[in-house]
Amino acid sequence: QVQLVESGGGLVQAGGSLRLSCLASGSIFSINAMAWYRQAPGKQREMVATIITTDLSTTYADSVNGRFIISRDNAKNTIYLQMNSLKPEDTAVYYCAADKLYSDPAMDYWGKGTLVTVSS
């Protein structure tokens, strides 16, 4: 089992920056990939960014590409989401997720989420 705990959410003005953290614990050796998702009020959950643990390749949603950066600190078992040039439409609950090795591509583990609010 893998446990994921997000932190770093809060209130920020448009144009500002914020960094989210996700600490992974448990059977972390079994993680193939990790990702950040978000869900805004009245909208469906969407993928924001993903990172593969082996080659560190990354993928970003078009809406955040060029503004957000996903990274990993293996020594701390933590991934980050650096969010720059924030917009009001970035307001959402952000969730950390992990994909288990040798499983299908769907995410297997989820954190409880952290709220990001961007004011205009």
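Parameters at a glance
What you see as residue numbers is a count from 1 along each chain, following the sequence as written. Residue-level local features of this predicted model are given only where pLDDT is at least 70; pairs of side-chain atoms are given and counted only at 80 or more, and the full residue set underlies all totals for whole chains, interfaces and linings. Only heavy atoms go into the side-chain values, all of them from the structure, while hydrogens and water stay out. Relative accessibility under 20% of the residue-type maximum defines a buried residue, over 50% an exposed one, and the middle range a partly exposed one, all with a 1.4 Å probe and only protein chains included. We count a stretch as a helix when DSSP gives it H or I for four or more residues in a row; a strand needs E for two or more, and each element gets its number in order from the N terminus. Here the rule is simple: two strands pair whenever DSSP picks up at least two bridges between them. Pairs were defined over the aromatic rings of Phe, Tyr and Trp, the Trp ring being its six-membered one, requiring ring centres within 6.5 Å. Orientation was assigned from the angle between planes: stacked under 30 degrees, edge-to-face over 60, tilted for the rest. Comment: the charge-over-ring label is applied if NZ (Lys) or CZ (Arg) is within 6 Å of the ring centre and within 35 degrees of the ring normal. In this description, a line fitted to the C-alpha atoms serves as the axis of each element, helices being fitted only across the stretch in contact, and the angle between N-to-C directions of two axes falls anywhere from 0 to 180 degrees. For this analysis, residues touch if any pair of their heavy atoms sits within 4.5 Å. Contacts described as polar in this section are N or O atom pairs within 3.5 Å, which, within protein, must combine one atom able to donate a hydrogen with one able to accept it, while residues neighboring in sequence count only if both atoms come from side chains.

Undergrad: Looking at this structure, I do not really get the pairing of strand β8 (residues 78-83). What am I missing?
TA: For a regular strand, side-chain orientation follows a simple rule: the groups alternate between the two sheet faces. Of all 6 residues that make up β8, 5 are buried, and the element is covered over most of its length. For strand β3 (residues 18-26) and β8, the ladder comprises 6 bridges, and the chain directions are antiparallel. Bridge pairing links Leu20 to Leu81 in β8. Here 6 bridges tie strand β7 (residues 68-73) to β8, and the two strands are oriented antiparallel to one another. The residue bridging Ile69 from the neighbouring strand is Gln82, located in β8.

Undergrad: Explain the packing of aromatic side chains to me, please; I cannot follow it from the model alone.
TA: Each aromatic ring pair is summarised here by two numbers: the centre-to-centre distance and the angle between the ring planes. In the structure shown here, the tally under the stated rule is 1 aromatic pair. A cation over an aromatic ring shows up here: Arg45 above the ring of Tyr37, its NZ or CZ 5.5 Å from the ring centre.

Undergrad: What's the story with the sheet that holds β7 in this structure? I'm lost.
TA: Strand-to-strand pairing in sheets goes through backbone hydrogen bonds, with the strands running parallel or antiparallel. Here 4 strands make up an open sheet; going across it, the order is β1-β3-β8-β7 and the pairing antiparallel. Edge positions in the sheet fall to β1 (2-7) and β7, since each has one partner strand and no second. Direction aside, neighbouring strands of the sheet carry axes that sit 20 degrees apart on average.

Undergrad: Would you explain the environment of Thr78 in this entry?
TA: Structurally, the position occupied by Thr78 is in strand β8. Classification of Thr78 by relative accessible area gives buried; the value is 7%. Residues Thr78 and Arg67, spaced 11 residues apart in sequence, show a C-alpha to C-alpha distance of 20 Å. Setting aside its immediate chain neighbours within four residues, Thr78 contacts Ser21, Cys22, Leu23, Ser71, Arg72 and Asp73. Polar side-chain contacts of Thr78 include one of 2.8 Å to the backbone oxygen of Lys76.

No statement about biological role is implied by the geometric values presented.
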